[in-house]
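Residue-level listing of the chains:
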Amino acid sequence: MEAAIEESARPTHETGARKWLITITVITCAIMELIDTSIVNVATRDIAGNLGATVEETAWVITAYAISNIIIIPLTGFLGDLFGRKLYFTASVVLFTFASFMCGFSGSIWVLVAWRFVQGIGGGALLATAQTVLVETFPPEELDKANGIFGAGIVMGPTLGPVLGGYLTDNYSWSWIFYVNVPIGIAAAILSWKFIKGEKKKLEGKVDYWGILALIVGIGSLQLLLEEGERKDWFASNFIILVLILGIAGIFLFIVRELKAKNPVVDIRVLKNRNVWVGSALRFAFGIAIYCSVFLYPIFVQSFLGWNATRTGLLILPGAFLTGMLMGVNGALLKKGISPKILLIIGFTAVIAYEYITYRLATPAAGEWDFLWPQLIRGLGFGFIFVPAASLTLAGLKGKDIGQASGLSNMLQLLGGSVGIAVVNTYVTRRIASHRIDLMSNLSLYNTAAKERMYQLTHQLIANGKSPGQAKVMAMGIMDGTLSRQSALISYSEGFMVIGLICAVILPLVFLAKIKKGEAAVVQGAH
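A short tour of the structure in this document, coming up. (Residues numbered from 1 in each chain as written. Predicted model: local features only at pLDDT ≥ 70, side-chain atom pairs only at ≥ 80, totals over all residues. Heavy atoms only, no water.)

Here we look at the overall build of the protein chain
For the protein chain, the count of helices and strands is 20 helices and zero strands. Each of the 527 residues in the protein chain was classed as buried or not, and the buried ones make up 54%. Across the protein chain, every contact between residues at least 6 apart in sequence was considered, and the portion connecting residues at least 24 apart equals 84%. When the accessible surface of the protein chain is totalled, it reaches about 23100 Å², and 66% of it is carbon and sulfur. (Helix = DSSP H or I, 4+ residues; strand = E, 2+ residues; numbered from the N terminus. Buried < 20%, exposed > 50% of the residue type's maximum accessible area, 1.4 Å probe, protein only. Contact = heavy atoms within 4.5 Å. Areas by Shrake-Rupley, 256 points an atom, 1.4 Å probe, with all protein chains shown as cover.)

A closer look at the side chain of arginine 116
Secondary-structure assignment places arginine 116 in helix 7 (residues 109–137). With relative accessibility at 1%, the residue arginine 116 sits in the buried group. In this view, arginine 116 contacts Asp36, Val40, Val61, Ile62, Ala64, Tyr65, Ser68, Cys103 and Phe178; residues no more than four positions away in its chain are not counted.

Here's the deal with the side chain of serine 237
With respect to the helices, strands and loops of the structure, serine 237 is situated in the loop between helix 11 (209–228) and helix 12 (238–260). There is a polar contact of 3.2 Å between the side chain of serine 237 and the backbone nitrogen of phenylalanine 239. (Polar contact = N/O pair within 3.5 Å; in protein donor to acceptor, adjacent residues only side chain to side chain.)

Description of helix 17 (residues 386–394)
Here helix 17 lies mainly inside the structure; nine of its nine residues are buried. Along helix 17, the residues that are buried comprise Phe386, Val387, Pro388, Ala389, Ala390, Ser391, Leu392, Thr393 and Leu394.

Quick look at helix 16 (residues 368–383)
Two residues of an α-helix separated by three or four positions point the same way, owing to the 3.6 residues in each turn. For helix 16, which comprises 16 residues, the first-to-last C-alpha distance of 22 Å matches the rise-based estimate of 22 Å (1.5 Å per residue) to within 8%. Within helix 16 the residues assigned to the buried category are Phe371, Pro374, Gln375, Arg378, Gly379, Gly381, Phe382 and Gly383. (Expected span 1.5 Å × (residues − 1).)

Here's the deal with the nonpolar core
Counting 108 residues, the largest nonpolar core has Val26, Phe300 and Phe371 as its most contacted members. A total of 16 residues in this core trace back to one element, the largest contributor, which is helix 13 (residues 274–304). Among the nonpolar cores identified, the runner-up in size contains 17 residues, and Ile39, Ala43, Val61 and Phe178 belong to it. (Core = buried A, V, L, I, M, F, W, Y, C linked by side-chain atoms within 4.5 Å.)

A closer look at the pattern of salt bridges
Tallied over the full model, the rule gives one salt bridge. The shortest N-O distance in the salt bridge between arginine 431 and glutamate 494 comes to 3.1 Å. Of the two residues, arginine 431 is situated in helix 18 (residues 401–440) and glutamate 494 in helix 20 (residues 468–506); the sequence distance between them amounts to 63 residues. (Salt bridge = Lys/Arg side-chain N within 4 Å of Asp/Glu carboxyl O.)

Pasting the structure below:
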């Protein structure tokens, strides 16, 4: 009896070198997974040209990974119990690494798409399980430090993706954006098998297969809708309408099933906890901000300012490093009793300020300095969001509720990125057409400036050997191209403002959270 009491009283957290080896392993895996959500974006043209695919077919390389990612993340708690976290995490690393190699080795676009889907299944587990492992690795009083370390990886991954992808594609080939995972993955698999704990647990009742199926159909269809909606002109497409119906039906059946099941595959009842759903909503907004900024900024500076991938990435990195440093600062502030509400308000206010400043400065005359200091404000904002949001979400939870809340909040963060990109991309596309119509009046023959510009261009072209007829047609083409470019530039700059408005709408949810001083997640028995 006394031995049993002593055993149960032993701390579940790790100490010494073992603690930091586990930390390095799981953070490396999480960063790899997040890098691969965005690393392909800058290589789509090279992939299409090399594999003889269309742009629309190549887009499925991104879509397949996103769909499998979003499906598997909420299932990680259940699968960790079913197979044991040690086996599940290590197997996920191995699957991700092998699929990465096969992606680089693919000889056709649809083989690549298939392996990207498999890669996403392995990668999704790395993200959600990594946070749970860290929560168990660190003692309760260092929980905010664990969240800070994890948060640094969360921010660095999507930021480094386009930079690393651009460098490898420009200097080697697109295959290397996948091959680079292989040596890191092998080392991570060895370390995770050696150091991570977690035996499989006896499940109560039958496996919730219907819940799993409903989740796959519902969340998978929703992600497909968001990824393909704009490319297929939304509800003008019968395919998108069908996907929407499947998504609504699947999510509805999933919610009903999980609320009734004795052993739900995803215990959404954890959302009854006010802090869990508030924290998850804030993580959703955080996903919108981080993924949309990574989506808009590179397009703007590369399309309108002519920057290459290296120049683009170097300007992002200082803000990302600032975020990483502030993660630890936030952990210390929370430990001293500073309310996460205050830190979240500072963080979201900084992000909103970044979006507004970038909207105002995003002009053809912008240079490095015009984007560098706003990027630092962005980095400061992100540094003050993740740790307080994660702390708020997990505060006061016990046992398996930690894993469930972690999986749901990570899923919602990725979903936020997908929703945000879909909304911003659709907005920008629609506004380009609208601005073009508004600016068209400036090309009128009755506009003095337009007539003068037309005259100058025509005579320059004639001086270069063109006939008067050719020169006039070419001058009109140049002016029309300038009009299209200006319409797109204005629309993309407005996209930053849209992100800021979304964050401003969600920010008041912070005041709904209830925080008890010294409250922390209880990790004993957590999965």
